[in-house]
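For reference, the chains in residue letters:
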Amino acid sequence: MQMCVPPQTCSFRPQIRVTSEERSSNLTLEASRCFVSARVRRKLLPFWLGARLTSTMAVRGVGLLTGLPLRAQTRTRIRCPAFIRLRCAGTVAADLRREEQPSGSVETGSKDKTPKKTFPEVQNERREQAQRTVLIHCQNKVSERKFLKYLSQHGRIHSHFFYESFGFYAVVEFCQKDSVDSLLKGTQTPANGTEAAIPFRSRFLSLKLRSPPSQGSEQPQVLLNNQLPPSNRKLSELLCAAKSIDDQLNTLLKEFQLTEENTRLRYLTSSLIEDIAAAYFPDCRVKPFGSSVNTFGKLGCDLDMFLDLDETKKLDIQKNKGNFLIEFQVKNVASERMATQKILSVLGECLDHFGPGCVSVQKILHARCPLVRFSHQASGFQCDLTTNNRIAMKSSELLYIYGTLDARVRALVCSVRYWARAHSLTSSIPGAWITNFSLTVMVIFFLQRRSPPILPTLDTLMTLADEEDECVIEGNNCTFIRDLNKIKPSENTESLEVLLKEFFEYFGNFAFSKNSINIRQGREQNKPDSSPLHIQNPFETSLNISKNVNQSQLQRFVELARESAWVLQQEEAAAPCPPSKQPWGLAALLLPSIAQNKKVQKKLPSERIKSLLESVKNNIAQSATHT
Ligand code: GTP
Ligand code: MG
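Here's what I pulled together on the structure shown here. (Residues numbered from 1 in each chain as written. Chains lettered and ligands numbered in written order. Predicted model: local features only at pLDDT ≥ 70, side-chain atom pairs only at ≥ 80, totals over all residues. Heavy atoms only, no water.)

### Comments concerning the pairing of strand β5 (residues 157-164)
Now for step 1: When you tally the buried positions in β5, you get 7 out of 8 residues, the bulk of the element.
Now for step 2: Where β5 meets strand β6 (residues 168-174), 7 bridges bridge the pair, whose relative direction is antiparallel. Bridged to His-160 within β6 is Val-172.
Now for step 3: Count of turn residues in the β5/β6 antiparallel hairpin: 3 residues, of which Phe-166 carries a positive phi of about 55°. (Buried < 20%, exposed > 50% of the residue type's maximum accessible area, 1.4 Å probe, protein only. Helix = DSSP H or I, 4+ residues; strand = E, 2+ residues; numbered from the N terminus. Pairing = 2+ DSSP bridges.)

### Examining the site of ligand 1
Now for step 1: Taken together, 15 residues lie around ligand 1, and Ser-291, Asp-302, Asp-304, Asn-436 and Asn-537 are the ones closest in.
Now for step 2: In this structure, an oxygen atom belonging to ligand 1 sits 2.8 Å away from a side-chain N or O atom of Ser-291.
Now for step 3: Note that an oxygen atom of ligand 1 is positioned 2.9 Å from one of the side-chain N or O atoms of Asn-436.
Now for step 4: For ligand 1, whose unbound accessible area comes to 590 Å², protein coverage reaches 76%.
Now for step 5: Taken together, the elements giving at least two residues each to the shell around ligand 1 come down to α13 (390-405) and α15 (436-448).
Now for step 6: Broken down by element, the shell around ligand 1 gets its largest block of residues, 3 residues, from α13.
Now for step 7: Tallied by class, residues from the shell around ligand 1 come to 5 nonpolar, 7 polar and 3 charged.
Now for step 8: Two domains each put at least three residues into the shell around ligand 1: domain 2 (260-313 + 335-391) and domain 3 (406-455 + 490-590). (Near = heavy atom within 4 Å. Polar contact = N/O pair within 3.5 Å; in protein donor to acceptor, adjacent residues only side chain to side chain. Areas by Shrake-Rupley, 256 points an atom, 1.4 Å probe, with all protein chains shown as cover. Nonpolar A, V, L, I, M, F, W, Y, C, P; charged D, E, K, R; others polar. Domains from an automatic or database assignment.)

### Topic: the pattern of salt bridges
Now for step 1: Under the counting rule described, the total for this entry stands at 22 salt bridges.
Now for step 2: Here Glu-237 makes a salt bridge to Arg-233, at a shortest N to O gap of 3.9 Å. Remark: Arg-233 and Glu-237 occur in helix α8 (residues 232-241); sequence separation between them is 4 residues, near one turn of the helix.
Now for step 3: Between Arg-390 and Asp-310 there is a salt bridge, with the nearest N and O atoms lying 3.3 Å from each other. Taken together, the positions of Arg-390 in helix α13 and Asp-310 in helix α11 (residues 310-319) put the pair 80 residues apart, joining distant regions of the chain.
Now for step 4: According to the relative accessible area criterion, Asp-310 is partly exposed, its value standing at 25%.
Now for step 5: Through salt bridges with shared partners, one network takes in Arg-126, Glu-128, Arg-132, Glu-173, Glu-260 and Arg-264. (Salt bridge = Lys/Arg side-chain N within 4 Å of Asp/Glu carboxyl O.)

### Some details on the side chain of Ser-395
Now for step 1: In this fold, Ser-395 is placed in helix α13.
Now for step 2: With a relative accessible area of 10%, Ser-395 lands in the buried category.
Now for step 3: Excluding anything up to four places from it in sequence, Ser-395 contacts Phe-437 and Phe-539. (Contact = heavy atoms within 4.5 Å.)

### Notes on the packing of α15 against helix α17 (residues 496-508)
Now for step 1: Interaxial distance between α15 and α17 falls to 11 Å at its minimum, and their mutual angle equals 105°. By the criterion of interaxial angle, the relationship of α15 to α17 is roughly perpendicular. Contact with α15, carried on its side by Met-442, Val-443, Phe-445, Phe-446 and Leu-447, involves Leu-499, Glu-502, Phe-503, Tyr-506 and Phe-507 of α17 and no other residues of that element.
Now for step 2: Taken together, the residues of the contact of α15 with α17 break down into 9 nonpolar, no polar and 1 charged. (Axes fitted to C-alpha atoms, helices over the stretch in contact; angles between N-to-C directions. Parallel < 35°, antiparallel > 145°, perpendicular 65-115°, else oblique.)

### Topic: unusual backbone geometry
Now for step 1: Here the bond from Ser-451 into Pro-452 is cis, since omega is -5°, no more than 30 degrees from zero.
Now for step 2: Along the chain, Pro-452 falls in the loop between α15 and α16 (458-463).
Now for step 3: Of note, Thr-295 is a non-glycine position whose phi angle comes to about 80°, a positive value.
Now for step 4: With respect to the element layout, Thr-295 can be found in the loop between β9 (285-289) and β10 (303-308).
Now for step 5: The backbone of Ser-360 shows a phi angle near 55°, a positive value even though the residue is not glycine.
Now for step 6: Summarising the element assignment, Ser-360 is placed in strand β11 (residues 358-364).

### Looking at empty space enclosed by the protein
Now for step 1: Inspection of every chain in the model, using the stated rule, returns 5 cavities of 30 Å³ or more.
Now for step 2: Within this model, the second largest cavity holds a volume of roughly 80 Å³.
Now for step 3: For the second largest cavity, the full set of lining residues is Leu-253, Gln-257, Thr-295, Phe-296, Gly-297, Lys-298, Arg-410, Val-413, Cys-414, Arg-417 and Tyr-418.
Now for step 4: Looking at the lining of the second largest cavity residue by residue, the classes come out as 5 nonpolar, 3 polar and 3 charged.
Now for step 5: Shared between two domains, the lining of the second largest cavity holds at least three residues of each, these being domain 2 (260-313 + 335-391) and domain 3 (406-455 + 490-590). (1 Å grid on protein atoms, 1.4 Å probe; cavity = no way out; pocket = protein on both sides within 12 Å on 5 of 7 lines; lining within 4 Å. Points joined across faces, edges and corners; volume = space filled by probe spheres on them.)

Quick look at the structure:
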């Protein structure tokens, strides 16, 4: 894999010479700090002295993790970062941009001949890129030129951008990993008056000016490139100004999809968490999964991470050759689940005490899938860390394949997800509502049912698989072809407008009471149980991914789907001539009036409140069982 771009595409070149004066000039880098009171310091001291922890970190070249002052940890709400993109070049970036379709130009799979990367290829490249990257909190707005000049003494800079989230941050990617090591060597642990810093070194740094700018001096100007999704009003304007419903769907996708910078920050955050986990498990990997990587992410979505300890096992197999077998002495526990809980419990503590920028750490160890939830303040991401969750990783890969095969898939999923959120069919609070994951599977199923199909069934993807694609996880066959280029593109040329309308019609009339949705076979099946909505888990086929959905939520979904299909039909009949100031097409579907107009739906708010109360009650009961 290419480590760095040719000089002409590098956003910053090393030939800028740094004088010793500049080197010791106004700028200094410090490991970000985590200050604690003397009482907490006494408590933590034995831990600091844990030789294993610190020595492993040193081996990894991991700096001392630092963070915001602990008092900041009481702040649970985090703001979505506004990104300020200055420049961005690079192999992965360029590849991803190549895969992005500009608004209004979505092509069917059959026209797009660009070779596509496999999911592991993207993950490995992004991970490697993240390892060459540092996150720097800048106390003040800095002169971009001086900032880059200062950092370039450690090596060539590949790309960088600034963003804002409780302050100014810079993400700086070097061409070589050695440059990061050099930078860390030249970085100091802060020493401060009344509070003590936990001397944990990481790639999350702070940039300070040795002499603060004099009062009245002008703040350096930086080119702002705000990457936040548009406000509702702005979105409504954009949708109304679109030329067609297809254009509206593409506009929505373009405005909400993860930006290149946001994706980088997601991989960088995972990489920083990996450094912390590596203190205990030196060969582990922390891999982002879910909507951050499955092509269906939208700005502001959570960051799901999977701690993969199997990399360690793979290395062990290679080592054990010959007549002798040598094993590590380990502690044993009663079950895999208990091992997962213990690992996550310790990592949760570690993130809480040492993780720079990691706040509001919650250990949710008694859930079906145990996890540690926290906010990464610097990136603005709400994070979920799990382990022993390989199937979810495989689901993300499958969704990545579906999302990459045909450009219409992402646009349709994005609109359906947005529509569901606009009508409170989905929620960030766990409860009896449909999840984004279930909605995505429903769209995939619908696209498998088109004639000719737009997406292949999972069984077809399994038939196309090679030997190296074979994958069995906990007895479940998770085999499918991973090379997208070997999958024949669809012959279907239906427009997004038709697909959206048909989606609503299809599910507005689906026999939910007797049929199950099954993307493995791409056809309805008899429901194996009485859950109102049954969507077969693609890999653990005996499970229902929408088991949580109750009858009233399903009913709301069906009614809104029917209503939306009707609205689109009316528009077609009236043949509006967009653009128009009045909400039309997709914009009309997102209006709350759809839900409010119908008499039958007048009782919905109370249903919603009932469900919310139920969910809150369940959450309280659940958190009572959490450690
Ligand atoms: P967002 O709402 O944007 O976060 O979508 P998401 O796809 O990331 O969903 P979420 O964060 O809830 O879950 C992360 C991933 O876990 C999903 O993409 C799936 O791969 C997996 N997942 C979530 N829910 C289920 C489920 O009920 N069953 C199974 N098998 N996997 C699930
Ligand atoms: Mg998620």
